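# Structural characterization, general
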There are 2 protein chains.
Amino acid sequence: MDKNFWITTEPIRIEQVYKKVVRPQAGAVSTFIGTVREFTKGKRTLYLQYQAYVPMAEKKLEQIGREIAAKWENAETAIVHRIGRLEISDIAVAIAVSTPHRNDAFEASRYAIERIKEMVPIWKKEHWEDGTKWIGDQKEQVSYAKRLPSKEQMENG
Amino acid sequence: MDKNFWITTEPIRIEQVYKKVVRPQAGAVSTFIGTVREFTKGKRTLYLQYQAYVPMAEKKLEQIGREIAAKWENAETAIVHRIGRLEISDIAVAIAVSTPHRNDAFEASRYAIERIKEMVPIWKKEHWEDGTKWIGDQKEQVSYAKRLPSKEQMENG
């Protein structure tokens, strides 16, 4: 995988993003890993399914990398998001940002996950013990029950 | 390695701390990795040597883990610090904190590295092109040129 920003159907290992950003000019790497949590507000998740409009999602991840490079000096970013069926504790997203000093690394990796939730076209289907639901935007404020993205827009792992 | 807080002379891989904290209750893991940077204020580092008072350093790392557990709900922490000779880009320290939600993970992992710099008895010797120097406290505000820890207190990888 040559890209620093990509969508995958394979299990993610954090070394994959880490090794893309480590370099002699950097003294600090901050990573963020989002995993599938079993319980949310007392409700048990059995597994999740993620779908994405892949070409657009990768473009948006690249855009986040450019935003970070513009905001923090000498910052390098890598992001991978998985789609398809994910079990409890599987990694859904992994972010790594390297910078010369640690303050910037923390801020930038935090920025990355917030931006992903805001604007990357990835949808999540919750599978609970008693039903399923498409979670709309990544901030989980909209339900896509009545307005799922079209099949053409989505690619399913 | 059964412990969550340890000093090592071996190369560090971030998976080692990550896998200690990932669990079904957590949806977020923030890691911080400190690596050997080649240039600091224009001065080129060739390599570093770290020494530690190992039993005390491990106790202090454990203490940081307890502090985090008290400050952030349902947080789990793992920290490893390497001693001995480290080359450019080698990992000196790796921290992982898992929490149910991402805000806490970021805050706690940041807290961990600041506390390490404040109070863990690990000393660093810079090897530059034109000389060497023991860096005193980890915040790099004190030089140990005249008050190095005693040989009995230090263990060298």
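Residues numbered from 1 in each chain as written. Chains lettered and ligands numbered in written order. Predicted model: local features only at pLDDT ≥ 70, side-chain atom pairs only at ≥ 80, totals over all residues. Heavy atoms only, no water.

As recorded in an unreviewed UniProt entry, chain A goes by Molybdenum cofactor biosynthesis protein MoaE and comes from Tigheibacillus jepli.

### Points about the overall build of chain A
Within chain A, the regular secondary structure consists of three helices and 10 strands. Each helix and strand of chain A, ordered N terminal to C terminal, gives the series β-α-β-β-β-α-β-β-β-α-β-β-β. The buried share of chain A, reckoned over its 157 residues, is 54%. Summarising the internal contacts of chain A: among those between residues at least 6 apart in sequence, 72% fall at separations of at least 24. For chain A, the exposed surface amounts to about 7,400 Å²; the carbon and sulfur share of it is 45%. (Helix = DSSP H or I, 4+ residues; strand = E, 2+ residues; numbered from the N terminus. Buried < 20%, exposed > 50% of the residue type's maximum accessible area, 1.4 Å probe, protein only. Contact = heavy atoms within 4.5 Å. Areas by Shrake-Rupley, 256 points an atom, 1.4 Å probe, with all protein chains shown as cover.)

### Re the interface of chain B and chain A
Between chain B and chain A, the residue contacts involve 34 residues of the former and 34 residues of the latter. Carbon and sulfur atoms make up 54% of the area that chain B and chain A hide from each other, which totals about 2,900 Å². Sorting the residues of chain B by area buried against chain A places B:Arg37, B:Arg102 and B:Phe106 first, and these three jointly supply 23% of that buried surface. For the pair chain B and chain A, the interface holds 17 residue pairs in polar contact (both at pLDDT 80 or more). Its residues assigned to classes, the side of chain B that touches chain A shows 15 nonpolar, 10 polar and nine charged. As paired elements, strand 2 (residues 28–35) of chain A and strand 2 (residues 28–35) of chain B share seven bridges and run antiparallel to each other. Note that in strand 2 of chain B the partner of A:Gly34 across the bridge is B:Ala28. (Buried area = accessible area lost by both parts, 1.4 Å probe. Polar contact = N/O pair within 3.5 Å; in protein donor to acceptor, adjacent residues only side chain to side chain. Nonpolar A, V, L, I, M, F, W, Y, C, P; charged D, E, K, R; others polar. Pairing = 2+ DSSP bridges.)

### Some points on the pairing of strand 1 (residues 5–8) of chain B
All names here are of chain B. Side-chain alternation along strand 1 places Phe5 and Ile7 on one buried face and Trp6 and Thr8 on a second face that is also buried. Where strand 1 and strand 5 (residues 76–82) come together, four bridges link them in parallel fashion. Of the residues in strand 5, the one forming a bridge with Trp6 is Val80.

### Quick word on the side chain of A:Arg115
Residues and elements named next belong to chain A. As for its position among the elements, Arg115 is in helix 3 (residues 102–119). Here the side chain of Arg115 touches Glu118 through a polar contact of 2.7 Å, side chain to side chain. Contact partners of Arg115, with chain neighbours within four places excluded, come to Gln63, Ile64, Glu67 and Val120.

### Some points on the pattern of salt bridges
In this structure the tally under the stated criterion is 18 salt bridges over all chains. A salt bridge links B:Glu58 to B:Lys3; the shortest N-O distance between them is 2.8 Å. Here the residue B:Glu58 occupies a position in helix 2 (residues 54–71), and B:Lys3 occupies one in the segment before strand 1, the gap between them amounting to 55 residues. For B:Glu58, a relative accessible area of 12% puts it in the buried group. What makes B:Lys3 partly exposed here is its relative accessible area of 36%. For the salt bridge of B:Arg44 with B:Glu38, the shortest nitrogen-to-oxygen distance reads 2.9 Å. Residue classification places B:Arg44 among the partly exposed residues on the basis of a relative accessible area of 34%. Within this structure, A:Glu38, A:Arg44 and A:Glu129 form a network of salt bridges that share partners. (Salt bridge = Lys/Arg side-chain N within 4 Å of Asp/Glu carboxyl O.)

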